[in-house]
Amino acid sequence: MIRIIKKLFSEDRKFYLRVLALALPIALQSLITIGVNMLDTIMVGRLSEEALSAASLANQFITIYHIFCMGLGMGASVLVSRYWGMRENEPQKAAEALKKTVCIMVRLTLGLALLFAVVTAVMPAAVMGMYTPEESIISLGVIYFKYSIATYFFLGLSLVCTIVLRSVGQVRMPLYVSIGAFCVNLAANYGLIFGRLGMPRMGIAGAALGTLIARVFEAGVICGYLFFFDRAIGFRIRHLFMKTGDLVGEYIRISIPVLVSDGILAIGNNTVAMVVGHLSMAFVAANAVTSVTQQMSNVLAQGVAQAGAIVTGQTLGEGERDKALSQGYAFLGLGLGLGLFAALVIRLISGPVIQAYSMSRETTEVARQLMDAIGFIMIFQSTNSIMTKGVLRGGGDTRMLMLADNIFLWLLSIPLGLLAGFVLGLPAFWIYTCLKADQIAKTVWCVFRLRGGKWIKKITTGKNGEEKGLPAN
């Protein structure tokens, strides 16, 4: 037992400093983004509970696109991190493979944005109808969608380009851009929702338009830097038209399982949102309030998860298999510690957060129960997210992760949630816990997967490139 515990702590101080240098700016950037969402939620909540629910449910659909883009970006990050680790041994091959990976990623992102924009423009009421039967909420959601159509393009580009920059160690610049976007979003939403700062009063439409303005600013700066000024990757606009056929197979093998996994996971999470949406309006509003708190308490773990993917990929790119294994256990220890810390934070802030909203007594009680459930689940969610989205993904184990993510969600969480909510009629605490049961199961699975060592996969630089990375066995 003592030997196992010792494995969870690395004696290499530089390892923790490296993880902190990567994770902290990423976590701060995520915190800023979530802070914007919280302010949006509070502002919209001042309009009415119907407006709060409509904006929350509309964003559930936009979140599907967000998670798809995260899949594209994080899938590309596996390749980019590995190639970045190879640059000293094979500089020419690594540089060419880096550009091709970014090119494929951007093309897929723009195609995906077009698809979601068309669906949002053509059938907004049908999309809202998947989440709630309440006509008042659907009509407000349609208004929100109307001003969100163009958001997909700017959101996607800024997101995937940010992930690529992080993969080569550039984490500060995206953070500074997020701070700027936060200020833009805050001013635009305040002015457009309530008719302040000389702007028209647009209500829920103003919330969507304010977010769009902030996304345009963010994408303009991030993409402008990557396409015109960045020297590490050296990607330019002309490279969007380069031939990438020799790397497409490798990109599909590594990245597409991440996209499929995160995409199906997004659909599964939206199924969870549909379950929530059909329970009661009080549950929907309470979930909108508590979900922001959940995101805020998990930002550091998300930062460490992305740092884990980057560090693991670069370590394996250098050919250090044993070192990557040792680091994997250290990341597991970090996950457990951060999960317990997040649970404590939720316990401390749940009361003041709930009191910040104008809600009915029923909604307030549901929100309190959800806060307790989130605190419990966060212990497991932090641990497995660092392992699945970080270490195991960085090792190239994307196909197995795709299977594990979706098996636990579709065969465990959703059936249990349906049973708890619609058959047994359990309290909100147990409904939420059942809907998130996959987080507990995945944590146990990650420990066994890490110990087996089969998560380390080979990656090539293309059709003519040599395999780089050590075999699992």
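Residues numbered from 1 in each chain as written. Predicted model: local features only at pLDDT ≥ 70, side-chain atom pairs only at ≥ 80, totals over all residues. Heavy atoms only, no water.

Structurally, the α-helix is built with 3.6 residues per turn, so residues lying three or four positions apart point the same way. With 19 residues, helix H12 (residues 299-317) should cover 27 Å at 1.5 Å per step; its first-to-last C-alpha distance of 27 Å lies within 8% of that length. One or two residues past the end of H12 sits Gly319, with phi positive at roughly 85°. (Helix = DSSP H or I, 4+ residues; strand = E, 2+ residues; numbered from the N terminus. Expected span 1.5 Å × (residues − 1).)

Proximity of charged atoms lets side chains of opposite charge pair with each other. Inspection of the entire model under this criterion finds 7 salt bridges. For the salt bridge of Asp246 with Lys100, the shortest nitrogen-to-oxygen distance reads 2.8 Å. On the criterion of sequence distance, the pair formed by Asp246 in helix H10 (residues 245-277) and Lys100 in helix H4 (residues 91-122) is long-range, its members being 146 residues apart. The shortest N-O distance in the salt bridge between Arg347 and Asp372 comes to 3.2 Å. Of the two residues, Arg347 sits in helix H13 (residues 321-355) while Asp372 sits in helix H14 (residues 361-394), which places them 25 residues apart along the sequence. By relative accessible area, which is 60% here, Arg347 ends up exposed. A single salt-bridge network, built from bridges that share partners, covers Lys389, Asp405 and Lys442. (Salt bridge = Lys/Arg side-chain N within 4 Å of Asp/Glu carboxyl O. Buried < 20%, exposed > 50% of the residue type's maximum accessible area, 1.4 Å probe, protein only.)

Before going further, it helps to spend a moment on the confidence of the model for the protein. It should be kept in mind that the predicted coordinates are not to be read in detail where pLDDT is low. The share of residues in the protein with pLDDT of 70 or more is 93%, and the mean pLDDT across the chain is 84. Overall, residues 465-473 carries pLDDT values under 50, and its contacts beyond four positions in sequence, including any with other chains, amount to 31 contacts. (pLDDT = per-residue confidence, 0-100. Contact = heavy atoms within 4.5 Å.)

Within the secondary structure layout, Ile386 lies in helix H14. Judged by its relative accessible area of 0%, Ile386 is buried. Residues Ile386 and Gly156, spaced 230 residues apart in sequence, show a C-alpha to C-alpha distance of 23 Å. Setting aside residues no more than four positions away along its own chain, Ile386 makes contact with Ala301, Val304, Ala305, Phe331, Leu334, Gly335, Leu338 and Val391.

Counting across every chain of the model gives 12 aromatic pairs. Between Phe61 and Phe145, the aromatic rings sit 6.0 Å apart at their centres with planes inclined by 85°, giving edge-to-face as the arrangement. Taken as a pair, Phe61 in helix H3 (residues 49-86) and Phe145 in helix H6 (residues 135-146) lie far apart in primary sequence, 84 residues in all. Note on accessibility: Phe61 and Phe145 belong to one class, buried. Ring geometry for Phe227 and Phe235: centres 5.7 Å apart, planes at 50°, overall tilted. Here the aromatic residues Phe61, Tyr65, Phe68, Phe116, Phe145 and Tyr152 are joined through ring pairs into a cluster of three or more. (Phe/Tyr/Trp six-rings, centres within 6.5 Å; stacked < 30°, edge-to-face > 60°.)

Time to look at unusual backbone geometry. With the exception of glycine, the majority of residues adopt a negative phi angle, and the majority of peptide bonds are in the trans configuration. Notably, Leu197 is not glycine yet its phi reads approximately 55°, a positive angle. When you line up the elements, Leu197 lands in the loop between helix H8 (172-194) and helix H9 (204-228).

Per the stated rule, a full pass over the model turns up 0 disulfides. Cysteine Cys183 shares no disulfide, and the gap to the nearest cysteine sulfur, in Cys223, comes to 20 Å. A relative accessible area of 46% means that Cys183 is categorised as partly exposed. (Disulfide = S-S within 2.5 Å.)

Below, the discussion takes up a nonpolar patch on the surface. Nonpolar side chains collect at one region of the surface, where Ile264, Ile267, Met400, Leu403, Ile407, Trp410 and Leu411 lie side by side and expose about 610 Å² of accessible area between them. Put simply, the parts of the chain that give the nonpolar patch at least two residues each are H10 and helix H15 (398-423). In terms of residues, the nonpolar patch owes the most to one element, H15, which gives 5 residues. Relative to the helices and strands, Ile264 resides in helix H10. (Patch = residues over 30% accessible without salt bridge, like charges linked within 9 Å, V, L, I, M, F, W, Y side chains within 5 Å. Areas by Shrake-Rupley, 256 points an atom, 1.4 Å probe, with all protein chains shown as cover.)

So, about the packing of H3 against H12. Contact geometry of H3 with H12 gives a least axis separation of 6 Å together with a crossing angle of 35°. The handedness of the crossing between H3 and H12 is right-handed. Contact residues: H3 offers Met70, Met74, Ser77, Ser81, Arg82, Trp84, Gly85 and Met86, while H12 offers Gln306, Ala309, Ile310, Gly313, Gln314, Leu316 and Gly317. (Axes fitted to C-alpha atoms, helices over the stretch in contact; angles between N-to-C directions. Left-handed = near helix turned anticlockwise from the far one by under 90°.)

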